[in-house]
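Geometric and topological summary
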Amino acid sequence: MPIMTMVQALNNALDVKLADDPSVLCFGEDVGVEGGVFRVTEHLQRKHGVKRVFDTPLAESSIIGACVGMSVLGLRPVAEMQFDGFVYPAMNQIITHISRYRYRTRGQRNMPVTIRFPYGGGVKALELHSESMEAMYAHIPGLKVVIPSTPYDAKGLMIAAIEDNDPVIFQEPKRLYRATKQEVPDGLYRIPIGKAKVEKEGKHMTIISWGAMMHVCRKALASLDQDNIDVELGDLRTIYPLDWETIVSSVQKTGRLLVVQEGPKSFGVAAELIALVNEKCFEYLEAPPMRLCGNDTIPPLPRSEDLYCPTPERVHFYARKLLDYAT
Amino acid sequence: MATEVKAKKGDRVSNGKPNGASLFESFHPLSGNKLEVLDPNGKVTHPEWLPDLSDDLLVEGYKMMRFARIADLKAVNLQRQGKLYTLPVNRGQEACAVGSAMAIRKSDWLVPAFREIGAYLWHGWPLSTLYKWYLGLEAGGVLPEGVNSLPTSVPITSQLPHAAGLGHAIKYKGLDAVVMAYVGDGGTSEGDFSEGLNWAAVFACPCVFFINNNHYAISVPRESQTRAETLAQKALGFGMPGIQVDGNDLLAVYRATKEAVDYARAGNGPVLIEAVTYRLGAHTTSDDPTKYRTTDEEKLWEPRDPLLRTKKYLFEKQVWSDEKEEELVQYCTAQVVRATEEVIHLGSNPIPELFENMYESLTNSLEEQKRDLEEFLRWQGKRG
């Protein structure tokens, strides 16, 4: 089985879907000739032609707006936004049309659009290249929000997103693009949207995370183990719709929940998860659920980046606090 | 405030030279020419630009304008009685909507903004569906079977990138179709005007962009939207032909749109049309135009009413009569009454409909919220 980075796995997912379905188009800024600034679409134009994989004008609202017209005529657009902070000019199209078309037309016109972009910090980038705004997208009715944390999941989720008949925001953790390698099967396979995964079982507490922060949590496991903290680690993989069952049954088992989130703390996905366990399994909780998050600040520029993002040491610190909580 | 419509360079009409020169050359946006075929008295002023339009089709166009007028008046009336919600008023802009829609085929795509009742109806939308929307029902967004149209687009100009995407898909799939997309004068200031037109031009999409320049974006006059002398001139920056027409002249609107549609269909890329018209009513039923325009100005435009002008021309051509007019008004009124009766009693949506069209299948959270609402309603029902 081939060994791939996440960039290669995503490239492979797009490649196999372009080959599999002539209604799939890939486009965005620098997506064609250059293959994307992170090379996620490298060689795809050469292989599938300029009509299938192409560069667009530098205008995000029209990139997403054009997806509406294309979808009405039965195409499956996969649109790249070059960076997380460059989606904002397209927000009007996402909120007022992409997410609403099925409802507005009483189910007659769906938007099988995949909006993919690199997200999050940790790569020493410029301002507006480190945003982690999944909570904002998850708050928009009509969208699905997907974030992989491994090359294998990235490919399977990307294929599922392209095949999904609803619009999917597909956030790619840019700091994991080349961080790890993994065996990734050739050909088509899907990871179902809406299914989380318990990656490691444990009995003291549940740690839930997603995307780039999964890697931070994984890195914390060794020191947590040395500290005799036996963690159950879950990867959301899909932000909306949330996999209630997996989350709730894990917390029912461990009685403790720590959520690790890169984005700003207030009104985030972590808050939603904590509300969920309070609603669904309050009587199982042995300590107030905790969240380790980014601050309610703008992600700092590279020199101060590490003071914003959760780190493995901070995961350990919070896990210790959660376990030491005494009623 | 302007109490009269001043003559500007853009107001000079059709002095182009048809001998060999194409319409787009003769009415180049920098020429200062505006296409007019009929004067406000219905006299043919520029026979060289008369469209190739059969008497039958011409009469059909006039009938549709009248139908749109009566349907619009009825809707405003019902709104005033508290039976419909806020709705846009169309009166005065019927030649723009009908003249342009007449130039496309059933297989072409209509991308409305929201003030094109004549275009919706011409292209096949049932009046009752439009009324459902005014009635505050999602069913008003249900696209009629076999009608190639997008639904009404509320966010100003956001529909133009959709038109570009439709054009893109038409080209990609090798379909024989053109996209007819509408926007207002105020809408030309939006970023999506630029992004939509630019995309269509870069990819040579078969799109016709039609600006209803009715002089006001709610209250803000056209002069406050842009320093450009005409809106048609904006075409030049995108590398596409542009043309300004008298939007109250059915023949001029049809002539320009037909040329633009043919041009786009032949694979030449998009065209921009600016139709200069006037909204005789308010922006919507919630608006009070006396705050921003004078009755003198309104009076100036009343004799330029596109229905009067077309009717005079039909009389001149001896294809119309007072009897036919009376018959038409009766017919349209009956149709409008029927559409009203069909929808006016409709209540709120059944609960499943509120939740079920958000996604292909209900998500866990929607399922729970639907259950919660039903549980509450049962509880409320029991309490009486």
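It should be emphasised that the depicted structure is a prediction, and the values quoted were computed from it without experimental measurement.

**Topic: the sheet that holds strand 6 (residues 242-246) of chain B**
Residue and element names in this part refer to chain B. Spatially, the five strands line up as an open sheet ordered 1-2-3-7-6, and their pairing is parallel. Looking at the sheet topology across the chains shown, the edges are occupied by strand 1 (109-111) and strand 6. Across the sheet, the mean angle separating the axes of adjacent strands is 20° when strand polarity is ignored. In this fold helix 9 (residues 250-265) packs onto strand 3 (207-213), strand 6 and strand 7 (271-276), with an angle of close to 170° to the strand it touches most, strand 7.

**Thoughts on the interface of chain B and chain A**
Facing 34 residues of chain B, the contacting portion of chain A comprises 32 residues. If you list the elements that add at least two residues to the side of chain B that touches chain A, you get helix 6 (159-173), helix 7 (191-202) and helix 14 (364-383) of chain B. The residue makeup of the side of chain B that touches chain A, split by class, is 17 nonpolar, twelve polar and five charged.

**Some details on the packing of helix 3 (residues 60-72) of chain A against helix 6 of chain B**
Axis separation between helix 3 of chain A and helix 6 of chain B bottoms out at 6 Å; the angle between their running directions is 55°. As summarised for this structure, helix 3 of chain A and helix 6 of chain B are arranged oblique, according to the angle between their axes. In terms of crossing hand, the pair formed by helix 3 of chain A and helix 6 of chain B is right-handed. Together, Ser61, Ser62, Gly65, Ala66, Cys67, Val68, Gly69, Met70 and Val72 of chain A of helix 3 of chain A and Pro161, His162, Ala163, Ala164, Gly165, Leu166, His168 and Ala169 of chain B of helix 6 of chain B make up the contact between the two elements. Partitioning the contact of helix 3 of chain A with helix 6 of chain B into residue classes produces ten nonpolar, seven polar and no charged.

**Concerning the environment of valine 315 of chain A**
Residue and element names in this part refer to chain A. With respect to the helices and strands, valine 315 occurs in helix 11 (residues 312-324). Note on valine 315: 25 C-beta atoms within 10 Å, which makes it buried. In contact with valine 315, other than residues within four places in its own chain, are Val216, Cys217, Ala220, Val260, Leu292 and Pro310.

**Remarks on the nonpolar core**
Membership of the largest hydrophobic core comes to 198 residues, with the highest contact counts inside it found for Leu258 of chain A together with Val98, Met180, Ala181, Val208, Phe209 and Ile273 of chain B. The greatest single-element share of this core, amounting to eleven residues, is contributed by helix 2 (residues 55-80) of chain B.

**As for the domain arrangement of chain B**
Structurally, chain B comprises domain 1 (9-343) and domain 2 (351-383). When each unit is reduced to the centre of its C-alpha atoms, the spacing between domain 1 of chain B and domain 2 of chain B is 41 Å.

**What to know about the sheet that holds strand 5 (residues 114-119) of chain A**
The pairing of strands in a sheet comes from backbone hydrogen bonds and takes either a parallel or an antiparallel form. Residues and elements named next belong to chain A. Strand order in the open sheet made by the seven strands is 3-2-4-5-7-6-12, with mixed pairing throughout. The strands lining the two open edges of the sheet, one partner per strand, are strand 3 (53-55) and strand 12 (238-240). Across this sheet, the average inter-strand angle for adjacent strands is 20°, counted without regard to direction. When strand 5 meets strand 7 (residues 168-173), the two strands line up parallel, connected through six bridges. The residue of strand 7 that forms the bridge with threonine 114 is valine 168. Each of strand 2 (24-28), strand 4 (76-80) and strand 7 is contacted by helix 1 (residues 6-20), which is oriented at about 135° to strand 2, the strand it contacts most. Relative to strand 7, helix 7 (residues 151-163) is tilted by about 160°, and along the sheet it contacts strand 2, strand 4, strand 5, strand 6 (144-146) and strand 7.

**Here's the deal with the domain arrangement of chain A**
You'll often see interface size given as the accessible area lost when the parts meet. Residues and elements named next belong to chain A. Split by domain assignment, chain A resolves into domain 1 (3-183) and domain 2 (197-324). Here the C-alpha centre of domain 2 lies 26 Å away from the C-alpha centre of domain 1. Listed as interface residues are 26 residues of domain 1 and, on the opposing side, 23 residues of domain 2. Counting residues per element, the ones that place at least two in the side of domain 1 that touches domain 2 are helix 6 (134-138), strand 6, helix 7 and strand 7. When its residues are assigned to classes, the side of domain 1 that touches domain 2 shows twelve nonpolar, seven polar and seven charged.

Cut-offs used in this document
Residues numbered from 1 in each chain as written. Chains lettered and ligands numbered in written order. Predicted model: local features only at pLDDT ≥ 70, side-chain atom pairs only at ≥ 80, totals over all residues. Pairing = 2+ DSSP bridges. Helix = DSSP H or I, 4+ residues; strand = E, 2+ residues; numbered from the N terminus. Axes fitted to C-alpha atoms, helices over the stretch in contact; angles between N-to-C directions. Contact = placed C-beta atoms within 7 Å. Nonpolar A, V, L, I, M, F, W, Y, C, P; charged D, E, K, R; others polar. Parallel < 35°, antiparallel > 145°, perpendicular 65-115°, else oblique. Left-handed = near helix turned anticlockwise from the far one by under 90°. Buried ≥ 20, exposed ≤ 12 C-beta atoms within 10 Å, placed from the backbone. Core = buried A, V, L, I, M, F, W, Y, C linked by C-beta atoms within 7 Å. Domains from an automatic or database assignment.

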